[in-house]
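Now for the letters of each chain:
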Amino acid sequence: MSEFYKCAICGKIVKVIAEGRGQLVCCDQPMGMISHFKSVNEVLDFAIEKEEEARLFYLEWAKKLENKALSEQFVLFAGEENKHKEKLQRVRSGSTFKPAAKQVTDLKIVDYLVDITPTPDMDYQEALIVAMRREKASFKLYNDLAAMAEDEGLRETFLALAQEEAKHKLRLETEYEKEIYTEN
Ligand SMILES: [Fe+2]
Ligand SMILES: [Fe+2]
């Protein structure tokens, strides 16, 4: 796969189409390399792993949450994340992709991680916040993967998944707003 750089501030992704010696700068900062994947299969494995993590997150918290409506919502989400995982697995097993032209190993996975740790006694609002952040990270991940995909079908798959994660986020946000406004 080609080399890609991403601006940590504005999110712009730049593809290197010819090598040079200069440093890439955006928003007054050096851009960080994000194409740490050696092959398309590695990209898919990474995304499959993230979907499994999301599925387990929703299942685990569905059991712990006292709020029944949210718990049911989480079970539903777990099912949808599972479908995403299966979709990616189908792409991985059914398609052939050109091997990577060169290997890049810089890992910038932190971009797609959620920075707050859930606690067993978190309340309804906190659970919603953690879930929203997860969905935002997933959305970002698929958007970036789509930008980097050199196969048209793969790009469409990633864009479709990004939209689904955006819908998850919206559903959680709607729930969150409802919660805030009915509180007082
Ligand atoms: Fe997902
Ligand atoms: Fe999701």
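The shown structure was predicted, so the numbers you read here are calculated from the model rather than taken from an experiment.

### Some points on the overall build of the chain
Then, number 1: The number of helices and strands found in the chain is four helices and five strands.
Then, number 2: Counting across all 184 residues of the chain, residues that qualify as buried make up 23%.
Then, number 3: Look at the contacts in the chain between residues 6 or more apart in sequence, and 64% of them connect residues 24 or more apart.

### Regarding the packing of helix H1 (residues 40–64) against helix H3 (residues 124–148)
Then, number 1: Close contact between H1 and H3 brings their axes to 12 Å; oriented N to C, the two are set at 165°. When the axis of H1 is compared with that of H3, the two are roughly antiparallel. Note that H1 runs across H3; the crossing there is left-handed. Across the interface between the two elements, Val 43, Ala 47, Lys 50, Ala 54, Phe 57 and Trp 61 of H1 pack against Ala 127, Arg 134, Ser 138, Leu 141 and Leu 145 of H3.
Then, number 2: In the contact of H1 with H3, the residues fall into eight nonpolar, one polar and two charged.

### Structural notes on helix H2 (residues 68–94)
Then, number 1: With 27 residues, H2 extends 39 Å from end C-alpha to end C-alpha; this agrees with the ideal 39 Å at 1.5 Å per step.
Then, number 2: Inspection of H2 places Gln 73, Phe 74, Phe 77, Glu 81, His 84, Leu 88 and Val 91 among the buried residues, and these make up the whole buried set.

### With respect to the nonpolar core
Then, number 1: Core analysis: the largest hydrophobic core is formed by 16 residues, its most contacted members being Val 43, Leu 44, Ala 47, Tyr 142 and Leu 145.
Then, number 2: It is H3 that provides the largest number of residues to this core, a total of five residues.
Then, number 3: The residues touching Ala 47, leaving out its near neighbours within four places in the chain, are Leu 88 and Leu 145.
Then, number 4: Formed by nine residues, the second largest nonpolar core is a distinct cluster that contains Ala 54, Tyr 58, Phe 77 and Leu 128.

### Some remarks on unusual backbone geometry
Then, number 1: You will see that Cys 27, though not glycine, has its phi angle at about 50°, which is positive.
Then, number 2: Among the residues examined, Cys 27 registers 11 C-beta atoms within 10 Å and is labelled exposed.

### Topic: the sheet that holds strand S2 (residues 13–15)
Then, number 1: Taken in spatial order, the three strands of this open sheet run S2-S1-S5, and their pairing is antiparallel. A single partner strand is all that each edge strand has here, and the edge strands are S2 and strand S5 (32–33).
Then, number 2: Where strand S1 (residues 4–6) lies against S5, two bridges are found, and the strand directions are antiparallel. Bridge pairing links Tyr 5 to Met 33 in S5.

### A few points about the environment of Met 122
Then, number 1: Inspection of the secondary structure assignment puts Met 122 in the loop between H2 and H3.
Then, number 2: As for Met 122 and Trp 61, which are separated by 61 residues in sequence, their C-alpha atoms are 9.9 Å apart.

### A few points about the environment of Leu 65
Then, number 1: Considering the arrangement of structural elements, one finds Leu 65 in the loop between H1 and H2.
Then, number 2: The class for Leu 65 is partly exposed, based on 18 C-beta atoms found within 10 Å.
Then, number 3: For Leu 65, the residues in contact, after removing those within four places along its chain, are Leu 70, Ser 71, Phe 74 and Ala 127.

### Let's talk about the packing of H1 against H2
Then, number 1: Viewed as axis vectors pointing N to C, H1 and H2 meet at an angle of 165°, and their least axial separation amounts to 8 Å. In terms of axis orientation, H1 runs roughly antiparallel to H2. As for how H1 packs across H2, the hand of that crossing is left-handed.
Then, number 2: Its residues assigned to classes, the contact of H1 with H2 comprises 14 nonpolar, five polar and six charged.

### Looking at the confidence of the model for the chain
Caution applies to low-pLDDT parts of the model: their predicted coordinates are not meant to be read in detail.
Then, number 1: Per-residue confidence for the chain gives a mean pLDDT of 80; residues scoring 70 or more make up 83%.
Then, number 2: When mean pLDDT is compared element by element in the chain, H2 scores highest at 91, while S5 scores lowest at 78.
Then, number 3: Across residues 98–111, confidence stays below pLDDT 50; counting only partners more than four residues off in sequence or on other chains, it has 17 contacts.

The rules behind the values
- Residues numbered from 1 in each chain as written.
- Chains lettered and ligands numbered in written order.
- Predicted model: local features only at pLDDT ≥ 70, side-chain atom pairs only at ≥ 80, totals over all residues.
- Helix = DSSP H or I, 4+ residues; strand = E, 2+ residues; numbered from the N terminus.
- Buried ≥ 20, exposed ≤ 12 C-beta atoms within 10 Å, placed from the backbone.
- Contact = placed C-beta atoms within 7 Å.
- Axes fitted to C-alpha atoms, helices over the stretch in contact; angles between N-to-C directions.
- Parallel < 35°, antiparallel > 145°, perpendicular 65-115°, else oblique.
- Left-handed = near helix turned anticlockwise from the far one by under 90°.
- Nonpolar A, V, L, I, M, F, W, Y, C, P; charged D, E, K, R; others polar.
- Expected span 1.5 Å × (residues − 1).
- Core = buried A, V, L, I, M, F, W, Y, C linked by C-beta atoms within 7 Å.
- Pairing = 2+ DSSP bridges.
- pLDDT = per-residue confidence, 0-100.

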